[in-house]
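Close look at the chain arrangement
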Amino acid sequence: MTVRRAADGTILLVGPCPVDDAEPLLQGLLEASGASVDWTKCQKPHTAVLQVLMAAGVVPVGPCGDVWIEEWWRGNDRETQGQG
Amino acid sequence: MNELHAQFVIEARELVRQATDDLIALEQDGSAPARIDRVFRAFHTLKGSAGVVELPAMTLLLHAAEDLLTAVRGGKVAVSADIIDLSLACLDQVSRWVDDFDAAAALPADAGDTGRMLAERMRAFLPGGASATAPAATHEAPVAAGVADWVLRLIEQARDKIVGSPALYSISYEPIPGCFFNGDDPVDLMRQIPGLLAFHIEPRSPFPPLAEMDPFACNLRLQAIAAADRADLAKIFRMVPDQVRIEPVPAEALSAPATDGKSDDNVALVRAILEAQAELLRMPGRTEGLAGCIGAARRVALNALRAGGFVQLADDLERNAPITLDSAGLLALIEQAAARLDAAAAAGKDSGVEAPDTATDRSDKPAERTLRISEDKIDALVNLAGELIVAKNTLAHSVKALDGQGGNVDLLRRDQDAIDRLAVELHDNILRLRMISVAQVFRSFPRLVRDVARQLNKQVTLITHGENTEADKTIVDRLFEPLVHLVRNAVDHGVETAEQRRATGKPEAATITIQASHSGDRFLVEVSDDGRGIDPATVRRRAAERQLLPDDELAALSDEQVIDLIFAAGFSTAETISDVSGRGIGMDVVRTAVERMGGRVTVASKVGAGTTVRLDLPMTIAMSLIMVVEAGGQAFGVAMDAVSETVRLPPDRISRIKNNEGFVLHDQVVPIVSLADLMKLPPRPAEGVSRLFIVAETGGRIAAFEIDAIRDRVEVVLKPMQGLLAGARGYAGTTLLGDGQVLLVLDVKEIMP
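Rules used throughout
- Residues numbered from 1 in each chain as written.
- Chains lettered and ligands numbered in written order.
- Predicted model: local features only at pLDDT ≥ 70, side-chain atom pairs only at ≥ 80, totals over all residues.
- Heavy atoms only, no water.
- Helix = DSSP H or I, 4+ residues; strand = E, 2+ residues; numbered from the N terminus.
- Buried < 20%, exposed > 50% of the residue type's maximum accessible area, 1.4 Å probe, protein only.
- Contact = heavy atoms within 4.5 Å.
- Areas by Shrake-Rupley, 256 points an atom, 1.4 Å probe, with all protein chains shown as cover.
- Pairing = 2+ DSSP bridges.
- Axes fitted to C-alpha atoms, helices over the stretch in contact; angles between N-to-C directions.
- Disulfide = S-S within 2.5 Å.
- Buried area = accessible area lost by both parts, 1.4 Å probe.
- Salt bridge = Lys/Arg side-chain N within 4 Å of Asp/Glu carboxyl O.
- Polar contact = N/O pair within 3.5 Å; in protein donor to acceptor, adjacent residues only side chain to side chain.
- Nonpolar A, V, L, I, M, F, W, Y, C, P; charged D, E, K, R; others polar.
- Core = buried A, V, L, I, M, F, W, Y, C linked by side-chain atoms within 4.5 Å.
- Phe/Tyr/Trp six-rings, centres within 6.5 Å; stacked < 30°, edge-to-face > 60°.
- 1 Å grid on protein atoms, 1.4 Å probe; cavity = no way out; pocket = protein on both sides within 12 Å on 5 of 7 lines; lining within 4 Å.
- Points joined across faces, edges and corners; volume = space filled by probe spheres on them.
- Domains from an automatic or database assignment.
- pLDDT = per-residue confidence, 0-100.
- Patch = residues over 30% accessible without salt bridge, like charges linked within 9 Å, V, L, I, M, F, W, Y side chains within 5 Å.
- Lys, Arg positive; Asp, Glu negative; His and termini not counted.
- Charge placed at Lys NZ, Arg CZ, Asp CG, Glu CD.
- Expected span 1.5 Å × (residues − 1).
- Bend = angle between axes of the 7 residues up to and from the residue.
- Parallel < 35°, antiparallel > 145°, perpendicular 65-115°, else oblique.
- Left-handed = near helix turned anticlockwise from the far one by under 90°.

For chain A, the count of helices and strands is 3 helices and 3 strands. With 84 residues in all, chain A has 49% of them scored as buried. A separation of at least 24 residues holds for 49% of the contacts in chain A among residues at least 6 apart in sequence.

Written out as C-alpha cells, the structure reads:
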C-alpha cells in the first residue's frame, strides 16, 4: 500500500504507485474532499492513479518524485488551467 | 469563446448563406463573369476567415473550392450542375463545422479527413486533376493541409524544442476503457517514446462526479509529438495498433503562421470584406430586396471592423450610417472606412486610426445599439402587456358601472381614455419586439427548389417578393413547414417537365413565386406557379374514388369548391407517388398548420396557366378580436375572423324546409343553427319579431348561428382550454372579460353543422 494519510490529512503517494492504488486514492479523496496530495516521493504512478488525480482536479504538491512525470505532467497542468 | 471567434461564427454563417445564394444564381444565370466573381469572393473571404481563427481543415477545403472556382473564372472548366452540387456540399460541410466550432470551439476530430476527401473530389474537376493524382496534389497544398488542431497546438508548445526540420510524428492514443485489466499502462507507453517533444493527456468524455467514478475504466486520450523513427514508434505501440494513430506531421505545419504576422492578414481580410460589401452596393438597377441588402452590408461591414479590432472605425460607421440610410450613402461611408483602413495600414500607428487591439475610450458609445434578448424575456413582457389589457378592460367596465349609477365620470373617463391608448400602444410595441422578417424563411427556398427540381429533372426559377415583410416570430417560424410542402408540391405536381412545357408553347423553365405582404392586420403569403394548373374534373374523379364526400354533395360543388378538396385528408392527384412531395398528406398538413396559426388557406387555379395558394395569416397570434354574443342567456365569444357578417332578418325572410330553417343571402342558401340549441340552453320563446344571426364561413361551408344579442367586440388574449376542459371540443379557448367573467370562445369550425 503506497497511498498513505499524513497527520495533517494530506494524502501521500509514496514509492511505486501501481494500478491498484487508484481505488484507495479515490476513496481518500472522497473521504476528505479538498485534501491535498503530495507526490514528492512517488515513483512511476500508473495511468489509473493519474486519471483519479485528473478527475478530482487535484494539482499535487510536488515536485513529483518521478522525473518524467514532473517534466511532462506539469506542462499538462499549466495548459489545462490555461484553457479553463 | 473569444470575441474574434464569436464574430467568425456570425460572419461565416452569413458568408455561407451568401455563397449559397450566389451559387444558385450562378447556375441560373449561366456563367456571367460578375456572378462568378461574387461566388469566388464569398469563398475567398470564408477561407480568409477560417485562416484567422486557425481552422486548417476548413482552410484546406475552401482552398480547393477556390482553386476550382478560379478555373471556372478563367474559363478552364465549364460550370456544371455537378460542380454546383459539390460546391454546395462544400458549403454544407463548412456550415456544419461552423456549428461545431460554435458549440465546442473546435472542429470534430475527423475534420481533417472529411475536408481532405471533399477537397480531393473538388480537385478531380480541375484540368489534369484526375482523382488518381489528387492525393499527391493535396500534399502540396500550401496550407497546413488537414493537420488536426491538436497537432498544431502541441507543435506550438514544443516550438523552442524543435531544431531544424526533423521528421515529426503525431501520436494519438485512445486506450480502450478496459485496458487497465489487460495490464496496460498507457502513460508508461508514452514514457517510452524517444524524442518526445510534446505530450498532452485529456479525458475523452467529461469525468463523472468523483463518487460515481470507476477508477479502473480508462477514459483518457493521450497525444504526443515526437521526433522519432516511425518503426520505433510502431514497435512501442505494437500491442495496441487499433487504439493508436501515428501520422507524419507535414512540414507546413511547422511553419504555421506566428501570431505576430496576424495583424497584416487581419487588415487585408477586413479590407476584403469591406470591398465585398461596397461591390454589393454598387450593383446597378437592383431594387428587389435592396433594403435587406443594405442592412446586411452595413452589419457585415460593422462586424468585420469590430472583429479586426478597428473599433473606432466601426463606431464611426455605425454613428454616421443610420439603418435607414440609402445604398449610395452607405457605399460612400464604407468606401471612406476602407480608405481610412488603407491609410492606417500604410502609415502604421501614426494615422488617425488606432491600430487593431488598442484599447479605446468607449465612454461615448453611440446611443443606438441592438440588444440580444432571450425569447423568454420578451414573452414575459407580452404576457404582462396582455394582463394590462385585461386590467384596462376592467377599468372600462367600472367606469360604465359608475356612469350607470349616475356618478360624474367625465374626469375618470378622460383618464381611462389615456390609459387605453397607452396600454394598447405599449402592447403593440411589445408585440413588435417579436416581429421578424420572413427573409430568413425565404432564404432556404432557392436551395430547396434547385435540389428538388434537379432531382425531378425539371427547370424552375424561383422568385421571391416581400422578404422584408414582418410578422410575429411564432408565425414566421411556423410558416416554414407549410411553405416547404407548398413549394415542393408546386415543383413536383404543379410544374411540367421541360418537354411538356415546350409542347404547350411555354418557356422551358417554369417560374415559382413566393410573395409575402401585409393587408390590413393580416399577413399574406402566396405561392404561385405557372404550371399545368389543377383540373377540377381530375379532382372530382379522384374525390369520388376516395369517397371524400357523398356523390350528391360532390356533384353540387362548384369547380372552385372542388379544387379546395385538395386540402382534404388523404387526397393526392399525383399520377405516381414520388419521394418528393409525399403521399397525399402534404396539402392536408398545410391546412392544419395554417389553421393552427389562426389562418386560412385558399387555392386558385386555372388549367394550363398555373396555381396560386394563398395563406392568410394573422400578424401575431398573441391577441385576437372577439365578438361577445348572447344565446340562451349566456355569453359566448366568437373569433371575429370567423364571422363574415351579422344579419337581422324579419320572419318572412326565413323559410322552413322540413325540420330545418334557412334563408337566402347573396344568392346562397344559408342554413340556420340555433346557438342556444347547440349549447343545450333554453331557447328564446319570442315569435314574430326579427331574428339575429352571425354568418360564419369556414372550410367551404357556411352557416348562420342564431343569437339573442351582440354584446361587445373586444380584443383579448386567448388562453387555450386547460385542465379538465383541455379535451372539450367546440371551444377555441377562454378569456377573462372586464367584469371578471370567464368567456368561453367558440371554435366555429368545430361547431359548424
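What follows deals with the overall build of chain B. A count of helical and extended segments in chain B gives 26 helices and 22 strands. Relative to its full complement of 753 residues, chain B shows a buried share of 46%. For chain B, the share of sequence-separated contacts (at least 6 apart) that also reach a separation of at least 24 residues comes to 71%. Looking at chain B as shown, the accessible area adds up to about 37300 Å², and 53% of this sits on carbon and sulfur atoms.

All names here are of chain B. Strand order in the open sheet formed by 6 strands is S14-S18-S19-S17-S16-S15, and the pairing between neighbours is mixed. Single-partner strands in this sheet number two, and they are strand S14 (643-649) and strand S15 (655-657). On average, each strand axis in the sheet is tilted by 35° relative to the strand beside it, whichever way the strands run. For S14 and strand S18 (residues 691-698), the ladder comprises 6 bridges, and the chain directions are antiparallel. In the sheet register, valine 647 faces S18, and the bridge partner there is phenylalanine 693.

Okay, unusual backbone geometry next. Peptide bonds are mostly trans, and most non-glycine residues show a negative phi. Residue and element names in this part refer to chain B. Even without being a glycine, asparagine 457 presents a positive backbone phi close to 60°. Backbone geometry places glutamine 547, a non-glycine residue, at a positive phi of 50°. Summarising the element assignment, glutamine 547 is placed in the loop between helix H21 (536-545) and helix H22 (551-556). The exposure class assigned to glutamine 547 is exposed, which follows from its relative accessible area of 68%.

All names here are of chain B. By the definition in use, this model includes 0 disulfides over all chains. Cysteine cysteine 179 shares no disulfide, and the gap to the nearest cysteine sulfur, in cysteine 218, comes to 4.0 Å. Cysteine 179 sits in the buried class, given a relative accessible area of 0%.

Turning to the interface of chain B and chain A, a few remarks are in order. Each side of the interface is counted separately: chain B has 29 residues, and chain A has 26 residues. Buried surface at the junction of chain B and chain A, both sides included, amounts to about 2400 Å², of which 67% is carbon and sulfur. For the chain B face of the interface with chain A, the top three residues by lost area are Arg191(B), Leu210(B) and Phe216(B), together amounting to 28%. Linking chain B with chain A are 2 salt bridges, by the criterion used here. Of the charged contacts, one joins Asp188(B) and Lys44(A) as a salt bridge, the two residues approaching to 3.2 Å between their closest N and O atoms. Counting across the chain B and chain A interface gives 7 residue pairs in polar contact (both at pLDDT 80 or more). Contributing elements (two or more residues each) for the side of chain B that touches chain A: helix H7 (149-157), helix H8 (186-191) and strand S2 (196-203) of chain B. When residues in the side of chain B that touches chain A are grouped by element, the largest group, 8 residues, is from S2(B). Its residues placed into classes, the side of chain B that touches chain A shows 19 nonpolar, 3 polar and 7 charged.

If you look at the biggest cluster of nonpolar residues, it comprises 53 residues, and the most contacted ones within it are Leu13(A), Leu25(A), Trp39(A), Ile171(B), Met190(B), Ile193(B) and Phe237(B). Top element by residues in this core is helix H2 (residues 47-56) of chain A. It accounts for 7 residues. Ranked by size, the runner-up nonpolar core spans 49 residues in total, among them Ile514(B), Val594(B), Val603(B) and Leu617(B).

Moving on, we come to the sheet that holds strand S2 (residues 11-16) of chain A. Residues and elements named next belong to chain A. Across the sheet, 3 strands lie side by side as S1-S2-S3; this open sheet has mixed pairing. Across the chains shown, the open sheet's two edge strands, defined by having one partner strand only, are strand S1 (3-5) and strand S3 (37-43). Ignoring strand direction, the axes of neighbouring strands in this sheet form an average angle of 20°. Pairing of S1 with S2, which is carried by 3 bridges, proceeds in the antiparallel orientation. Its bridge partner lying in S2, arginine 5 is registered against isoleucine 11.

Quick look at the environment of Leu486(B) now. Residue and element names in this part refer to chain B. Along the chain, the position of leucine 486 falls in helix H19 (residues 473-494). Given the relative accessible area of 3%, leucine 486 is considered buried. Between the alpha carbons of leucine 486 and serine 528 there is a distance of 9.2 Å; along the sequence they are 42 residues apart. Not counting chain neighbours up to four residues away, the residues in contact with leucine 486 comprise Val527, Met587, Val590, Val613 and Leu615.

All names here are of chain B. Summed over the entire model, instances satisfying the criterion amount to 7 aromatic pairs over all chains. Ring geometry for phenylalanine 8 against phenylalanine 101: centres 5.6 Å apart, planes inclined by 85°, an arrangement best described as edge-to-face. Placement of the pair is phenylalanine 8 in helix H1 (residues 3-29) and phenylalanine 101 in helix H4 (residues 81-104), with a sequence separation of 93 residues. On the basis of an interplanar angle of 50° and a centroid distance of 5.9 Å, the ring pair of phenylalanine 445 and phenylalanine 480 is categorised as tilted.

Let us now look at empty space enclosed by the protein. Residues and elements named next belong to chain B. On inspection of all chains with the given rule, the structure shows 3 cavities of 30 Å³ or more. Size it by volume and the largest cavity reaches roughly 120 Å³. Forming the walls of the largest cavity are 14 residues, and the residues nearest its centre are Leu4, Glu11, Val52, Leu269 and Ala307. Secondary structure elements with two or more residues in the lining of the largest cavity: H1, helix H2 (33-52), helix H11 (262-282) and helix H12 (290-307). Composition of the lining of the largest cavity by domain shows at least three residues from each of domain 1 (1-147) and domain 3 (260-361). Roughly 80 Å³ of internal volume is contained in the second largest cavity. In terms of lining, the second largest cavity is formed by Leu15, Gln18, Arg38, Arg41, Ala42, Thr45, Ala276, Gln277, Glu279 and Leu280.

Here we take up the pairing of strand S3 (residues 220-226) of chain B. The element S3(B) is extensively covered by neighbouring structure, given that 7 of its 7 residues are classed as buried. Burial along S3(B) is two-sided: Leu220(B), Leu222(B), Ala224(B) and Ala226(B) facing one way and Arg221(B), Gln223(B) and Ile225(B) facing the other are all buried.

Attention shifts here to the confidence of the model for chain A. Of the residues in chain A, 86% reach a pLDDT of 70 or more, and the chain-wide mean stands at 79. pLDDT under 50 marks residues 77-84 of chain A. Its contacts with residues more than four places away, or in other chains, come to 5 contacts.

All names here are of chain B. Together, Glu425, Asp428, Asp521 and Glu715 line one region of the surface with negative charge. By the element assignment, aspartate 521 lies in the loop between strand S8 (510-519) and strand S9 (522-529). Owing to a relative accessible area of 59%, aspartate 521 belongs among the exposed residues under this scheme.

Let us now look at H19(B). With 22 residues, H19(B) extends 30 Å from end C-alpha to end C-alpha; this agrees with the ideal 32 Å at 1.5 Å per step. The largest bend in H19(B) comes to about 30°, at Phe480(B), with the proline Pro482(B) one to four residues further on.

Looking now at the packing of helix H15 (residues 375-404) of chain B against helix H16 (residues 410-433) of chain B. Residue and element names in this part refer to chain B. Between H15 and H16, the shortest axis-to-axis distance is 9 Å and the interhelical angle comes to 160°. Comparing their axes, H16 and H15 come out roughly antiparallel. The chirality of how H15 crosses H16 is left-handed. Considering only residue class, the contact of H15 with H16 consists of 18 nonpolar, 3 polar and 4 charged.

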